[in-house]
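Here's the letter readout for the chains.
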Amino acid sequence: MSDPFGSTPLPDHGLPADEVLDLLAAKKHNDRDWRGGKVYSLVYSAGDEVHHLLERALGLYAAENGLNVLAFPSIGFLQHDLVRITASLLGADDPASGGQIQGHLTSGGTESLLHAVKTARDVARTERGIERPEVLAATSAHAAFTKAADYFDVDLVRVPVGPDFRADPEAMAAAVTDRTILLVGSAPTYPHGVVDPIEELGALATERGLLFHVDACMGGFLLPFLTRLGRFNEPFDFTVPGVTSMSADLHKYGYAAKGVSVICYRTPELARHQVFVTDDWLGGFYASSAVAGTRPAGPIAAAWAVVMYLGLDGYLALTQLAHDAALRLRAGVESIDGLAVRGDPPATVIAFGADDPASLDIFAVGQALSSRGWYLDRQANPDSLHATVHAGSAATVDDLVIDLRTAVGTIGTQRSTDRSTTYGTSA
Ligand SMILES: Cc1ncc(COP(=O)(O)O)c(C=O)c1O
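Residues numbered from 1 in each chain as written. Predicted model: local features only at pLDDT ≥ 70, side-chain atom pairs only at ≥ 80, totals over all residues. Heavy atoms only, no water.

K.L.:
Account for the nonpolar core, naming residues and giving values.
P.N.:
Leu-250 and Tyr-255 are the most contacted members of the largest nonpolar core, which totals 72 residues. By residue number, the principal contributor to this core is helix H10 (residues 298-334), which donates eleven residues. Inspection of this core shows a minimum of three residues originating in each of domain 1 (73-306) and domain 2 (312-411). Beyond its immediate sequence surroundings of up to four residues, Leu-250 is in contact with Leu-82, Phe-221, Tyr-255, Ala-256, Val-260, Ser-261, Val-262, Ala-303 and Val-307. (Core = buried A, V, L, I, M, F, W, Y, C linked by side-chain atoms within 4.5 Å. Buried < 20%, exposed > 50% of the residue type's maximum accessible area, 1.4 Å probe, protein only. Helix = DSSP H or I, 4+ residues; strand = E, 2+ residues; numbered from the N terminus. Domains from an automatic or database assignment. Contact = heavy atoms within 4.5 Å.)

K.L.:
Quick rundown of helix H4 (residues 109-128)? Include the residues and the values.
P.N.:
Counted at 1.5 Å a residue, the expected span for H4 with its 20 residues is 28 Å, and the 27 Å between its end C-alpha atoms agrees. With 14 of its 20 residues buried, H4 lies for the most part within the structure. Downstream of H4 by one or two residues, Gly-129 has phi in the positive range, about 65 degrees. (Expected span 1.5 Å × (residues − 1).)

K.L.:
Quick rundown of the sheet that holds strand E12 (residues 377-379)? Include the residues and the values.
P.N.:
Strand order in this open sheet of four strands is E10-E11-E13-E12, and the pairing throughout is antiparallel. With partners counted over all chains shown, the strands left at the sheet margins are strand E10 (339-341) and E12, one partner each. When the angles between neighbouring strand axes are averaged without regard to direction, this sheet yields 30 degrees. Both E12 and strand E13 (residues 384-388) contribute to a ladder of three bridges, which runs antiparallel. When the sheet's bridge partners are listed, Arg-378 is paired in E13 with Leu-385. Each of E10, strand E11 (349-354), E12 and E13 is contacted by helix H11 (residues 362-371), which is oriented at about 45 degrees to E13, the strand it contacts most. (Pairing = 2+ DSSP bridges. Axes fitted to C-alpha atoms, helices over the stretch in contact; angles between N-to-C directions.)

K.L.:
A description of the domain arrangement of the protein chain should follow, citing residues and the corresponding values.
P.N.:
Partitioning the protein chain into domains gives domain 1 (73-306) and domain 2 (312-411). Using C-alpha coordinates to define each centre, domain 1 is positioned 28 Å away from domain 2. Domain 1 puts 23 residues into the contact, and the matching count from domain 2 is 27 residues. Regarding the contact of domain 1 and domain 2, the summed buried area is about 2,100 Å², with carbon and sulfur atoms giving 66% of it. The interface formed by domain 1 and domain 2 includes one salt bridge. Two residues, Asp-324 and Arg-231, come together in a salt bridge whose shortest N-O distance is 2.8 Å. Applying the counting rule to domain 1 against domain 2 returns nine residue pairs in polar contact (both at pLDDT 80 or more). Looking at the side of domain 1 that touches domain 2 element by element, the count peaks at four residues for helix H8 (residues 223-228). Looking at the side of domain 1 that touches domain 2 residue by residue, the class counts come to 16 nonpolar, four polar and three charged. (Buried area = accessible area lost by both parts, 1.4 Å probe. Salt bridge = Lys/Arg side-chain N within 4 Å of Asp/Glu carboxyl O. Polar contact = N/O pair within 3.5 Å; in protein donor to acceptor, adjacent residues only side chain to side chain. Nonpolar A, V, L, I, M, F, W, Y, C, P; charged D, E, K, R; others polar.)

K.L.:
If you had to explain the environment of Val-341 to someone new, which residues and values would you point to?
P.N.:
Counting through the fold element by element, Val-341 comes out in strand E10. C-alpha separation for the pair Val-341 and Leu-385, spaced 44 residues apart in sequence, amounts to 9.7 Å. Excluding residues within four positions of it along the chain, Val-341 makes contact with Arg-330, Val-333, Glu-334, Ile-350, Ala-351 and Phe-352.

Encoded structure:
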């Protein structure tokens with residue numbers, strides 16, 4: 001059998017632990033060195049002390065199973081704390097939220113969005129008699145909504161964004177049909193880091209009797225702190241009338257280890273749709289609020305640990321660091337002839353590209369940056385490079401601007417041979 005990955009076979013005899021760890025370390029030799037701060041995608045770093053804490057907390061819960069909180073009550077308490085803390089950041093303590101917010105922990109942003117869509121589908125079927133419901137999302141809403149539509153047999157209707165790359169409420173209103181059950185807004189969007197007009201979309205949802213999910217996977221642990229720092233002042237959470245569910249990822253700007261997101265619902269009735277219960281088999285009562293059955297407890301413990309370690313003041317400091325870095329990147333991009341930032345991103349996610357794609361190929365610029373060790377995503381419509389700026393970027397962002405200026409100056413009319421975009425790949 002041909003083997004492009006150079007697989008390692010099952011050894012006849014087990015190897016010593018140190019040797020195994022050396023082999024693992026050797027396997028990473030082609031991986032991007034995110035610790036150096038040059039990776040502007042996929043990894044969020046709050047520094048070595050936080051990583052060390054995450055590793056220790058992961059180790060403490062390496063064997064426990066998050067499926068059963070009767071056997072491991074501590075996991076139940078950790079989850080409860082994380083959901084409460086997240087809900088509170090998303091406006092749950094404000095009387096405008098209705099005071100009934102409930103939520104669940106999931107394995108990541110994608111799973112949270114899958115649940116948002118499945119809950120809406122179940123409400124459509126049980127309460128509105130719509131067998132094949134429609135979800136309305138802007139073209140900027142995350143790819144996980146397309147995955148959810150595919151998994152759960154609903155139709156996803158993509159509505160073009162406006163010239164500012166934000167969802168267009170008028171276009172969304174025009175797309176509502178008798179089968180529409182759920183509207184989607186993002187705070188912020190992944191592709192351009194802009195925040196959709198949540199209040200206007202909430203008003204539309206209220207007027208048309210629709211559910212409304214705000215995808216704050218990226219912004220849930222960012223916008224509340226930017227707001228407290230006086231750097232952001234648009235309402236985007238449960239204080240906005242019409243918002244019925246929200247997702248927020250601890251494993252992004254919560255600086256947790258991978259594998260933890262929170263989904264919150266405005267009412268306990270909505271939250272209950274997510275809990276799957278059965279006893280129709282020989283193994284006994286089975287209840288689960290996540291897609292997975294057996295669930296790793298390590299990421300839950302690590303998320304709890306980092307939240308306690310950082311506290312409000314830690315998150316405010318990291319948010320300020322990341323936002324200052326993003327502002328420096330933006331100013332740098334805007335100072336380079338021929339480059340433009342896409343839209344007006346208020347937080348820390350920025351996309352930029354050529355003013356005139358005929359005279360500059362931004363993917364060729366991306367290739368030049370990549371050869372100097374930088375990792376930025378490439379995306380299309382329009383061709384752009386994408387930077388997720390986090391606290392770990394602060395140390396390198398000025399060098400990135402220098403290399404970017406040099407690359408733009410030397411690329412000329414060269415075209416990149418590689419037109420692919422790079423957001424997610426699979427082995
Ligand atoms: C706005 C938004 N929603 C959802 C997701 C999906 O999150 P995950 O990759 O954790 O599944 C992302 C990921 O970047 C995102 O930016």
